[in-house]
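Residues per chain, in single letters:
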Amino acid sequence: IDEFSENCRFTLKTGNSVTLPEVGQLYPGKEGIIYFKQDTTSNLLPDAFGLAPFISPPVIRNSGRKYILPRALKWAAAIAFPIGVAAVIGVTQYDRLSANFASHAGILSSAFSRFSSASLVEKKEAPVIPTLRLVQSEVQLPPAPVAEVPLPAIRLNDRFAVIVGAFRVQENAEKLVTELQQKGIEASVFDQSKTGLFRVTIGTSSNREDASQILASTKSKDISGAWILAK
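Notes on the structure follow. From a predicted model like this one, the values you see are computed outputs, not experimental measurements.

Definitions and cut-offs
- Residues numbered from 1 in each chain as written.
- Predicted model: local features only at pLDDT ≥ 70, side-chain atom pairs only at ≥ 80, totals over all residues.
- Heavy atoms only, no water.
- Salt bridge = Lys/Arg side-chain N within 4 Å of Asp/Glu carboxyl O.
- Helix = DSSP H or I, 4+ residues; strand = E, 2+ residues; numbered from the N terminus.
- Buried < 20%, exposed > 50% of the residue type's maximum accessible area, 1.4 Å probe, protein only.
- Polar contact = N/O pair within 3.5 Å; in protein donor to acceptor, adjacent residues only side chain to side chain.
- Contact = heavy atoms within 4.5 Å.
- Pairing = 2+ DSSP bridges.
- Axes fitted to C-alpha atoms, helices over the stretch in contact; angles between N-to-C directions.
- Core = buried A, V, L, I, M, F, W, Y, C linked by side-chain atoms within 4.5 Å.

1. Things to note about the pattern of salt bridges
Logical step 1: Summed over the entire model, instances satisfying the criterion amount to three salt bridges.
Logical step 2: Between R9 and E6 there is a salt bridge whose closest N-O contact spans 2.7 Å. Of this pair, R9 and E6 both sit in helix α1 (residues 2-13), three residues apart, which is roughly one turn of the helix.
Logical step 3: Taking relative accessible area as the criterion, E6 reaches 44% and is therefore assigned partly exposed.
Logical step 4: Close ionic contact of D191 with R199 constitutes a salt bridge, the shortest N to O distance being 2.8 Å. Across the pair, exposure class does not vary: D191 and R199 are buried alike.

2. Details of the side chain of T201
Logical step 1: Residue position: T201 is located in strand β6 (residues 198-205).
Logical step 2: With relative accessibility at 0%, the residue T201 sits in the buried group.
Logical step 3: Among the polar contacts made by the side chain of T201, one reaches the main-chain carbonyl oxygen of G203 at a distance of 3.0 Å.
Logical step 4: Apart from the residues lying within four places of it in its own chain, the contact partners of T201 are I154, A161, V162, I163, E186, A187, S188 and F190.

3. Points about the sheet that holds strand β7 (residues 227-230)
Logical step 1: Ordered in space as β5-β6-β4-β7, the four strands form an open sheet in which the pairing is antiparallel. Edge positions in the open sheet fall to β5 (188-192) and β7, since each of these has one partner strand only. On average, each strand axis in the sheet is inclined to that of its neighbour by 50°, with strand direction left out of account.
Logical step 2: Where strand β4 (residues 160-167) and β6 come together, seven bridges link them in antiparallel fashion. Each residue of the ladder has a partner; that of I163, found in β6, is T201.

4. Re the nonpolar core
Logical step 1: Judged by nonpolar contacts, the single largest core of 13 residues is most densely connected at V164, L180, A187, V200, I202 and I223.
Logical step 2: Going through the elements one at a time, β4, α5 (170-182) and β6 are the ones with two or more residues in this core.
Logical step 3: At four residues, α5 tops the list of elements feeding residues into this core.
Logical step 4: Those residues in contact with A187 that lie beyond four places of it in its chain are I154, V177, L180, Q181, V200, T201 and I202.

5. Details of the side chain of D158
Logical step 1: Topologically, D158 is positioned in the loop between α4 (117-123) and β4.
Logical step 2: In terms of polar contacts, D158 uses its side chain to reach the side chain of R155, at 3.1 Å.
Logical step 3: Among the polar contacts made by the side chain of D158, one reaches the side chain of T204 at a distance of 2.8 Å.
Logical step 4: Leaving out residues up to four positions away in the same chain, D158 has contacts with F190, T204, S205, S206 and K231.

6. Focus: the sheet that holds strand β3 (residues 34-38)
Logical step 1: If you trace the three strands from one edge of the open sheet to the other, you get β1-β2-β3, paired in antiparallel fashion. Looking at the sheet topology across the chains shown, the edges are occupied by β1 (18-20) and β3. Geometrically, the sheet is characterised by an average inter-axis angle of 20° between neighbouring strands, direction not taken into account.
Logical step 2: Where strand β2 (residues 24-28) meets β3, five bridges bridge the pair, whose relative direction is antiparallel. Note that in β3 the partner of P28 across the bridge is I34.
Logical step 3: On the sheet, α1 packs against β1, β2 and β3 and is oriented at approximately 135° with respect to β1.

Here you go:
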């Protein structure tokens, strides 16, 4: 299709006409306008082919008139059907059910007579009271409380310190110290870093082992972000 259309455009640009068999003819005009001339010897209209249209009249069916039950009667019929079936089964199986009931009644009466109060008095049988057995493996004891490591006194000349905050403004550092002291935690401003930060500590030590124990105890005091400073 692309090749055919390209050939048609090339032919029209050169000033020649293009003939489409049984359709018509294309030829160029002025200012690049393309004209089309129909082939009058051929008829391509759809109405000229096939049979003539036929319109059928509506079909009337003489079927018997259907009687439509009201909705209330439909519901009544739906409910009455299972009730009727149950009634028929009850009547037909009455003798069998009565015989079974009589046999079961005799079994029940004999069973109740065995455990009546009179029979218990005659046999001097006392009802058995179930006892509870406590399995030691199933007993869950509360966990033993973990003893907190008391924090040593803060000495500003110690080499190691557990830092819990560093602030550019000294008032903010002192505010944190006050909040920790209100919770019963000894705290103090340890020093001021070379960058000008005021560092707050909750414990100091001369060796790293003791400082690590102080850092571990901060978990029980809900203090996050603590770290060890080595001077």
